[in-house]
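Chains, contacts and geometry: an overview
This is what each chain is made of:
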Amino acid sequence: VPEADALTWCIGPPLRQSFEVLIGPGGDIEAAVDAYREHYRAGAMFDADLYDGVGEMLIDLRDLASGLYIATSKTEVDAIKIAEHFDLAPFMDGIFGSEADGSRADKAELLAHALTETRAEAAIMLGDRRYDIEGARLNGLPAIGALWGYGELDELREVDADALAAAPEEVADLVVELMGLSE
């Protein structure tokens with residue numbers, strides 16, 4: 001089993017996509033997904049900490065935005081539980097995730113679904129991996145790369161994030177700039 005640091009590339013892409021690489025050709029992807037989800041739902045999904053400044057960032061964004069949404073490749077059911085556990089749900093106007101069968105796990109597909117459901121006329125994607133930025137691009141959205149997450153600076157530069165935020169407290173100003181808003 002690889003060291004944890006060697007597996008950070010698994011954070012971000014759809015689960016089945018990561019397992020295709022991890023277990024290789026001929027491996028039982030669905031069995032791997034089932035085993036992972038059993039462990040994850042037994043409590044591993046809460047083995048995390050919020051990054052410093054995220055709560056304050058959400059307060060600032062609530063003052064700017066007409067709606068805040070989560071769009072994650074995690075299953076929607078799990079995303080809702082995680083948002084509730086970490087007290088993020090009260091900031092959100094909606095939470096969008098994949099289905100258990102893997103549909104909407106692709107970030108571009110998920111964002112298209114979220115945009116349709118919310119009827120948003122303007123939006124910005126904030127994400128820490130190339131999948132977030134690429135999904136935004138495919139939906140005509142500007143994207144802010146979050147450098148405090150799992151994505152690397154080079155990864156976010158390579159996919160041409162519209163802006164890069166070194167810390168959560170920078171995000172509101174970048175939203176104002178990208179959307180042409182006045183605070």
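Structure shown above.
So, here is what we can say about the structure in this document.

What counts, and at which threshold
Residues numbered from 1 in each chain as written. Predicted model: local features only at pLDDT ≥ 70, side-chain atom pairs only at ≥ 80, totals over all residues. Heavy atoms only, no water. Pairing = 2+ DSSP bridges. Helix = DSSP H or I, 4+ residues; strand = E, 2+ residues; numbered from the N terminus. Axes fitted to C-alpha atoms, helices over the stretch in contact; angles between N-to-C directions. Phe/Tyr/Trp six-rings, centres within 6.5 Å; stacked < 30°, edge-to-face > 60°. Buried < 20%, exposed > 50% of the residue type's maximum accessible area, 1.4 Å probe, protein only. Contact = heavy atoms within 4.5 Å. Core = buried A, V, L, I, M, F, W, Y, C linked by side-chain atoms within 4.5 Å.

Strand order in this open sheet of three strands is E3-E4-E5, and the pairing throughout is parallel. Whereas interior strands pair on both sides, the edge strands pair on one side only; in this sheet they are strand E3 (125–127) and strand E5 (163–165). Direction aside, neighbouring strands of the sheet carry axes that sit 25° apart on average. Of the pairings in the sheet, the one linking E3 to strand E4 (residues 143–146) comprises three bridges and is parallel in character. Across the sheet, residue Gly127 finds its bridge partner in E4, namely Gly145.

With that settled, consider the packing of aromatic side chains. A full pass over the atoms with the stated rule returns three aromatic pairs. Measuring from ring centre to ring centre gives 6.0 Å for Phe19 and Tyr36, while their planes differ by 70°; the resulting arrangement is edge-to-face. Taken together, the residues span a long stretch of sequence, with Phe19 in helix H1 (residues 15–23) and Tyr36 in helix H2 (residues 29–41) at a distance of 17 residues. What makes Phe19 buried here is its relative accessible area of 12%. When its relative accessible area of 33% is taken as the criterion, Tyr36 is described as partly exposed. Here the aromatic rings of Tyr69 and Phe96 are separated by 6.0 Å at their centres, their planes lie at 40°, and the arrangement is tilted. Of this pair, Tyr69 sits in strand E1 (residues 69–75) while Phe96 sits in strand E2 (residues 94–98), placing them 27 residues apart in sequence. Overall, Tyr69 belongs to the partly exposed group, its relative accessible area being 39%. On the basis of relative accessible area, Phe96 is assigned to the buried category, the value being 10%. Taken together, the ring pairs in this structure connect Phe19, Tyr36 and Tyr40 into an aromatic cluster.

Looking now at the environment of Gly145. Along the chain, Gly145 falls in strand E4. Under the relative-accessibility criterion, Gly145 is labelled buried at 0%. In this structure the C-alpha to C-alpha distance between Gly145 and Asp28, which are 117 residues apart in sequence, comes to 34 Å. Residue contacts for Gly145: discarding those within four places in its chain leaves Gly127, Ile133, Leu156, Ala161, Ala163, Leu164 and Ala165.

We now examine the nonpolar core. Core analysis: the largest hydrophobic core is formed by 23 residues, its most contacted members being Met57, Leu58, Leu61, Ile144, Trp148 and Val171. Elements with a contribution of two residues or more to this core: helix H3 (54–64), helix H4 (76–85), E4, E5 and helix H8 (171–179). With residues near it in sequence (within four places) discarded, Val171 still touches Met57, Leu61, Leu126, Ile144, Trp148 and Ala165. The next biggest cluster of nonpolar side chains, apart from the first, holds 13 residues, and it includes Phe96, Leu141, Val159 and Ala161.

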